[in-house]
Amino acid sequence: VQLVESGGGLVQPGGSLRLSCAASGFTFSNYLMSWYRQAPGKERELVATIRSAGGSTNYADFVKGRFIISRDNAKNTVVLQMNSLKPEDTAVYYCNAKLLRNYWGQGTQVTVSS
C-alpha cells in the first residue's frame, strides 16, 4: 500500500497550491479519502474528506470556501486545491485512506509566507 503526496512548496499569502495523492496497493474507489495537516507543535487535524460513492465532501470550517477536495477513481488520485492561502495554513499535509484500515502518506510541506 502506498500513498504518495506531491505539490507542496512555498507560496505567498493569497496564493494557491494543488496537492495530489497517488494511491496504489488497495481498492481506491472503496475508500474514504481525506487530507489532514499538522503544524509544528500542534496535533494533526482533519482538513477535508471525500466519500467513495457519490463523492460527497466535508471541510473543516477553517478551509471552507478556500479549499476543494476531489478524486479520480480511474486514476487512483485525490487532489486538494488550496486557494487564498494564509500563513496559518502552513503545515505538513497528509493524505489518508480509510475503510477497514487506515493508511497514511509521508506528507508534503506547505509553507505560506511572504
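Above this text sits the structure in question.
Residues numbered from 1 in each chain as written. Predicted model: local features only at pLDDT ≥ 70, side-chain atom pairs only at ≥ 80, totals over all residues. Heavy atoms only, no water.

Undergrad: Please explain the overall build of the protein chain as it appears in this structure.
TA: Tallying secondary structure elements over the protein chain gives zero helices and 11 strands in all. Across the protein chain, helices and strands are ordered from the amino to the carboxyl terminus as β-β-β-β-β-β-β-β-β-β-β. Taking 2.2 N^0.38 as the reference for a compact globule, 114 residues should give roughly 13 Å; the C-alpha atoms of the protein chain span a radius of gyration of 13 Å, in line with that estimate. Counting only C-alpha atoms and orienting by the principal axes, one finds that the protein chain spans roughly 40 × 25 × 25 Å. For the protein chain, buried positions account for 40% of its 114 residues. Across the protein chain, contacts joining residues at least 24 apart in sequence account for 52% of those joining residues at least 6 apart. (Helix = DSSP H or I, 4+ residues; strand = E, 2+ residues; numbered from the N terminus. Rg over C-alpha atoms; globule rule 2.2 N^0.38 Å. Buried < 20%, exposed > 50% of the residue type's maximum accessible area, 1.4 Å probe, protein only. Contact = heavy atoms within 4.5 Å.)

Undergrad: Would you mind going over the side chain of Thr49 with me for this structure?
TA: Tracing the backbone shows Thr49 in strand E5 (residues 45–50). Accessibility expressed as a relative area gives 7% for Thr49, which makes it buried. One polar contact links Thr49 to Ser34, side chain to side chain, over a distance of 2.9 Å. Ignoring anything within four residues of it in the chain, the contact list for Thr49 reads Leu32, Met33, Ser34, Ser56, Thr57, Asn58 and Ile69. (Polar contact = N/O pair within 3.5 Å; in protein donor to acceptor, adjacent residues only side chain to side chain.)

Undergrad: Looking at this structure, how should I read the pattern of salt bridges?
TA: Side-chain pairs of opposite charge can arise where the charged atoms are in close proximity. Throughout the structure, instances matching the rule amount to four salt bridges. The partner of Arg37 in a salt bridge is Glu45, and the shortest N-O contact between them spans 2.8 Å. Here the residues in one salt-bridge network are Arg37, Glu45, Arg66 and Asp89, joined through shared partners. (Salt bridge = Lys/Arg side-chain N within 4 Å of Asp/Glu carboxyl O.)

Undergrad: I'm lost on unusual backbone geometry in this one. Help?
TA: Positive phi is not limited to glycine here, since Asn76 has a value of about 55°. Tracing the chain through its elements places Asn76 in the loop between strand E7 (67–72) and strand E8 (77–82). Its relative accessible area of 23% is what places Asn76 among the partly exposed residues. Not every positive phi belongs to a glycine, and Ser84 is a case in point at roughly 50°. With respect to the helices and strands, the residue Ser84 is situated in the loop between E8 and strand E9 (91–98).

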